[in-house]
2 protein chains.
Amino acid sequence: MSDKNITLTNAEWSVMECLWESAPKTGREITDYLKAREGWNRSTTLTLLSRLEAKGAVVSDSEGRKKTFSPLLRREDAALHETEDFLSRVYKGSLSLMVSSLTKKKALPKEEIDQLYAMLKKLEEVENDD
Amino acid sequence: MSDKNITLTNAEWSVMECLWESAPKTGREITDYLKAREGWNRSTTLTLLSRLEAKGAVVSDSEGRKKTFSPLLRREDAALHETEDFLSRVYKGSLSLMVSSLTKKKALPKEEIDQLYAMLKKLEEVENDD
DNA sequence: CTTCTTTGTTTACATCTGTAAACAAATTAT
DNA sequence: ATAATTTGTTTACAGATGTAAACAAAGAAG
């Protein structure tokens, strides 16, 4: 069973975002993309790609004349991993503690609250009628 | 205005948790605490305390014969900082996106959902009748 | 075919993190 | 007052991270 317990650094997230947006991409496309978005030197991006490949988050295909890269790690899996790590460290693993802290700090715009409320309401309904 | 834009590393969070739990504490108390919880060597803890003091997250008082330490950075401020960083990186800054992802992954126990729902319901009510 | 350009691979290097060992100063016990 | 212990300060050091320069191979252009 392939271990998706991969942790991404900040810089690596940027590279992955590029690949999650669409893949496969050539090295050229990726370096251009990150040169634009992050101002990175070509080498920087290529180095990150190697590291990501080494840790199994990316695969490359050298068949054709241009090497291409694709994500192996899915965004949702990376996100879930980060989320668990974050929640446990900062909010003792409790999402509701997180939300209550944010509201106390008034760090949640009304739109977010409304949207969240709507979502949960729907969830509750589903849960209750099965 | 004191800039609370302090980012804590994992190890530093452990030290801060100890101080947030109660303070001031002597070096002895802190090193014992972290020796027990994390298995850290005395030096490790003391080094972390220095780094934390250097970055303004902790103050020490050397008046008496025993040096004591207290948190300067408040837990809520550290948490908020981390939260913003995390949400923007992983969920484009959207809490509701975070929650919807978690539910899709079935990574939220029913209790959490219920609790969150109750909390938001109350919030909505308050917002609506003012 | 030489030369210029693009692409790919190695090596480099400073800073940050986790983790202490060493050494020095102050207390305490004998 | 001496030795043993506790406490405080400096120095160390490997691995992770951000950031790239150097060098080599492959293709394109003249």
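See the structure printed just above.
When you look at the interface of chain B and chain A in this model, what are you seeing that I'm missing?
One widely used convention gives an interface's size as the accessible area the parts lose upon coming together. If you look at the interface, chain B gives 42 residues, while chain A gives 42 residues. Between chain B and chain A, roughly 4000 Å² of surface is buried when both sides are summed, and carbon and sulfur atoms account for 65% of that area. When the buried surface of chain B facing chain A is broken down by residue, B:R89, B:L95 and B:Y117 rank first, second and third, together holding 16% of it. Here chain B and chain A share 6 salt bridges between them. Across the pair B:E82 and A:R89 runs a salt bridge, and its minimum N-O distance is 2.9 Å. Listed by contribution, the elements that provide at least two residues to the side of chain B that touches chain A are α1 (10-21), α4 (75-91), α5 (95-104) and α6 (110-128) of chain B. The biggest single contributor to the side of chain B that touches chain A is α6(B), with 13 residues. Taken together, the residues of the side of chain B that touches chain A break down into 19 nonpolar, 8 polar and 15 charged.

I'm lost on the protein's contact with DNA strand D in this one. Help?
Inspection of the region around DNA strand D gives 15 residues, with A:T9, A:T47, A:R51, B:R42 and B:K67 positioned closest. Atoms of DNA strand D within 4 Å of the protein: sugar and phosphate make up 47%, bases the balance. Elements supplying a minimum of two residues to the surface near DNA strand D: α1 (10-21) and α3 (42-54) of chain A together with α3 (42-54) of chain B. With 5 residues, the top contributor of residues to the surface near DNA strand D is α3(A).

Hey, could you run me through the relation of the copies chain B and chain A in this one?
Each of the two chain copies goes to the other by way of a rotation about an axis and a shift along it. Turning chain B through 180 degrees and shifting it by 0.0 Å along the axis lays it on chain A, with an RMSD of 0.1 Å. What the rotation and shift describe, once combined, is the action of a two-fold rotation axis. When each C-alpha of chain B is compared by its distance to the rotation axis, B:Y117 comes out closest, at 3.4 Å. Mapped onto chain A, 100% of the interface residues of chain B are again interface residues, and the two copies thus contact each other with one and the same surface.

Just checking my understanding: could you explain the pattern of salt bridges for this structure?
Pairs may arise between side chains of opposite charge once their charged atoms sit close together. Across all of its chains, the model carries 20 salt bridges over all chains by this definition. A:E17 is the salt-bridge partner of A:R75, the closest N and O atoms lying 2.7 Å from each other. On the criterion of sequence distance, the pair formed by A:R75 in helix α4 (residues 75-91) and A:E17 in helix α1 is long-range, its members being 58 residues apart. A residue is classified by how much of its surface remains accessible, and A:E17, at 22% relative accessible area, is partly exposed. The salt bridge partner of A:D32 is A:R28, with a shortest N-O separation of 3.8 Å. Here the residue A:D32 and the residue A:R28 both occupy positions in helix α2 (residues 27-38), the gap between them amounting to 4 residues, near one helical turn. Each of the salt bridges in this network shares a partner with another, and the network as a whole consists of A:R74, A:E76, A:D77 and B:K105.

Rules behind the numbers
Residues numbered from 1 in each chain as written. Chains lettered and ligands numbered in written order. Predicted model: local features only at pLDDT ≥ 70, side-chain atom pairs only at ≥ 80, totals over all residues. Heavy atoms only, no water. Contact = heavy atoms within 4.5 Å. Buried area = accessible area lost by both parts, 1.4 Å probe. Salt bridge = Lys/Arg side-chain N within 4 Å of Asp/Glu carboxyl O. Helix = DSSP H or I, 4+ residues; strand = E, 2+ residues; numbered from the N terminus. Nonpolar A, V, L, I, M, F, W, Y, C, P; charged D, E, K, R; others polar. Near = heavy atom within 4 Å. Least-squares fit on C-alpha atoms with pLDDT ≥ 70 in both. Buried < 20%, exposed > 50% of the residue type's maximum accessible area, 1.4 Å probe, protein only.

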